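Examination of the molecular architecture
Take a look at the letters that make up each chain.
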Amino acid sequence: MIFAIESNSLKLSLCLLNNGKLISNFSLSFKNELSEILIPAINNFLKKNTITLKDISFLAIGCGPGSFTSIRTLIAAAKGIIISNKHIKSIGINSLAALAMSAIEEAKIKNIKYIISSIDSKREEPFLQTFEISDFQNKAKLNPTNEIKPVKVQDLKKYILENNLHTKDFLFVGHNQELLVNEGENVHLLDSKNQFSDALCVAKLSYSLISNKANIDQSNIGYNNFKPLYVRFADIN
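Residues numbered from 1 in each chain as written. Predicted model: local features only at pLDDT ≥ 70, side-chain atom pairs only at ≥ 80, totals over all residues. Heavy atoms only, no water.

Overview of the overall build of the protein
For the protein, the helix and strand inventory stands at 6 helices and 12 strands. Taking 18 Å as the expected radius of gyration for a compact globule of 237 residues, we find that the protein reaches 17 Å, a close match to that expectation. Principal-axis analysis of the C-alpha atoms gives the protein an extent of 50 × 40 × 30 Å. Counting the 237 residues in the protein, one finds 52% classified as buried. A distance of 8 Å separates the average location of the 27 positive side-chain charges in the protein from that of its 22 negative side-chain charges. (Helix = DSSP H or I, 4+ residues; strand = E, 2+ residues; numbered from the N terminus. Rg over C-alpha atoms; globule rule 2.2 N^0.38 Å. Buried < 20%, exposed > 50% of the residue type's maximum accessible area, 1.4 Å probe, protein only. Lys, Arg positive; Asp, Glu negative; His and termini not counted. Charge placed at Lys NZ, Arg CZ, Asp CG, Glu CD.)

What follows is the structure in structure tokens.
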């Protein structure tokens, strides 16, 4: 069973996935007190689902980019769980890749091979990364085509040109997607209200890596430990 946790500067989410099937999914809004609510939220979530940490095989968390404080708090708590429960394996997930995972089914339906993920940085420079879907007809896999980069809002079109996406169909998911409305026939926006990486995205991507027997550390979207993805020091408070 996979227990996944994700947070950003506004919301904490928790998810249980067993053999690829959703057991439970929960989200909780917060302001600046993630360190105060995280452990009680985890305990209450597991208790509500009559699950203990002994039942968990993998602990997967979103490691950023995003809120510096949230990433630091989440990783510290996750490391504490792993130290106290040595049977649990750790999986750190690139949150931009998890967000792309939320769009992969729509991309397959529309036969789109590229996804751009965008996460708010609170500095008018969202964090962007582009992913290519490989093994399209079978178990679709995400492969990053570039590094995570903070991009000024006014430079979104420039980013598309620099990554040679202006001649290819791509799906844009996440922060500021509304700025690309009517920018061209090759621009597709995710048809969903959920424009944030959440624990369900993290769990699904983790399950994909596990079921595909991927070398997680070499996947460029996941890690065998909780590696914080700080694009710059103290990304967001």
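The structure having been displayed, the exposition proceeds.
A short note on the packing of aromatic side chains
Throughout the structure, instances matching the rule amount to 3 aromatic pairs. An angle of 15° between the planes, with centres 5.9 Å apart, marks the rings of Phe3 and Phe45 as stacked. With Phe3 in strand S1 (residues 2-7) and Phe45 in helix H1 (residues 34-48), this pair connects stretches of sequence that are 42 residues apart. Neither Phe3 nor Phe45 differs from the other in exposure class; each is buried. Members of the aromatic cluster, connected to one another through ring pairs, are Phe3, Phe26 and Phe45. (Phe/Tyr/Trp six-rings, centres within 6.5 Å; stacked < 30°, edge-to-face > 60°.)

Let's talk about the nonpolar core
Judged by nonpolar contacts, the single largest core of 37 residues is most densely connected at Ile115 and Leu142. At 7 residues, the largest contribution of residues to this core is made by helix H6 (residues 199-211). Beyond its immediate chain neighbours, meaning those up to four positions away, Ile115 contacts Ala100, Ala103, Ile104, Ala107, Gln129, Thr130, Phe131, Ile133, Leu142, Leu171 and Val173. Core analysis: the second largest hydrophobic core is formed by 28 residues, Phe45, Leu59, Ala78 and Ile81 among them. (Core = buried A, V, L, I, M, F, W, Y, C linked by side-chain atoms within 4.5 Å. Contact = heavy atoms within 4.5 Å.)

Some thoughts on the pattern of salt bridges
Tallying each qualifying case throughout the model produces 4 salt bridges. The closest approach of N and O atoms between Lys113 and Glu132, which form a salt bridge, is 3.5 Å. Linking Lys113 in the loop between helix H4 (104-109) and strand S6 (114-119) with Glu132 in strand S7 (residues 127-134), this pair joins segments that are 19 residues apart in sequence. Using a relative accessible area of 25% as the deciding quantity, one classes Glu132 as partly exposed. A salt bridge links Glu162 to Lys149; the nearest nitrogen and oxygen atoms lie 3.5 Å apart. Within this pair, whereas Glu162 is found in helix H5 (residues 156-162), its partner Lys149 is found in strand S9 (residues 149-150), the two being separated by 13 residues in sequence. Classification of Glu162 as partly exposed rests on a relative accessible area of 44%. Residue Lys149 is classed as partly exposed on the basis of its relative accessible area, which comes to 38%. (Salt bridge = Lys/Arg side-chain N within 4 Å of Asp/Glu carboxyl O.)

Describing the pairing of S7
In terms of burial, S7 is largely enclosed, as 6 of its 8 residues are buried. Sheet analysis places S6 next to S7, joined by 6 bridges and oriented antiparallel. Bridging from a neighbouring strand, Ile115 pairs with Phe131 of S7. When S7 meets S9, the two strands line up antiparallel, connected through 2 bridges. If you follow Phe127 over to S9, its bridge partner there is Pro150. Examined bridge by bridge, S7 and strand S8 (residues 141-144) share 4 bridges and lie antiparallel to one another. Among the inter-strand pairings, Glu132 is bridged to a residue of S8, identified as Asn143. (Pairing = 2+ DSSP bridges.)

A closer look at the sheet that holds strand S12 (residues 222-223)
Sheet architecture is open: 6 strands sit in the order S3-S2-S1-S4-S5-S12, paired in mixed fashion. In the strand order of this sheet, the two ends are held by strand S3 (21-29) and S12, each with one partner. The pairing of strand S5 (residues 89-93) with S12 spans 2 bridges and is classified as antiparallel. Bridge pairing in S12 links Gly92 to Tyr223. Each of S1, strand S2 (11-18) and S3 touches H1; the most contacted strand, S2, lies at about 25° to it. The strands touched by helix H2 (residues 68-84) are S1, strand S4 (58-62) and S5; relative to S4, the strand with the most contacts, the crossing angle is about 170°. (Axes fitted to C-alpha atoms, helices over the stretch in contact; angles between N-to-C directions.)

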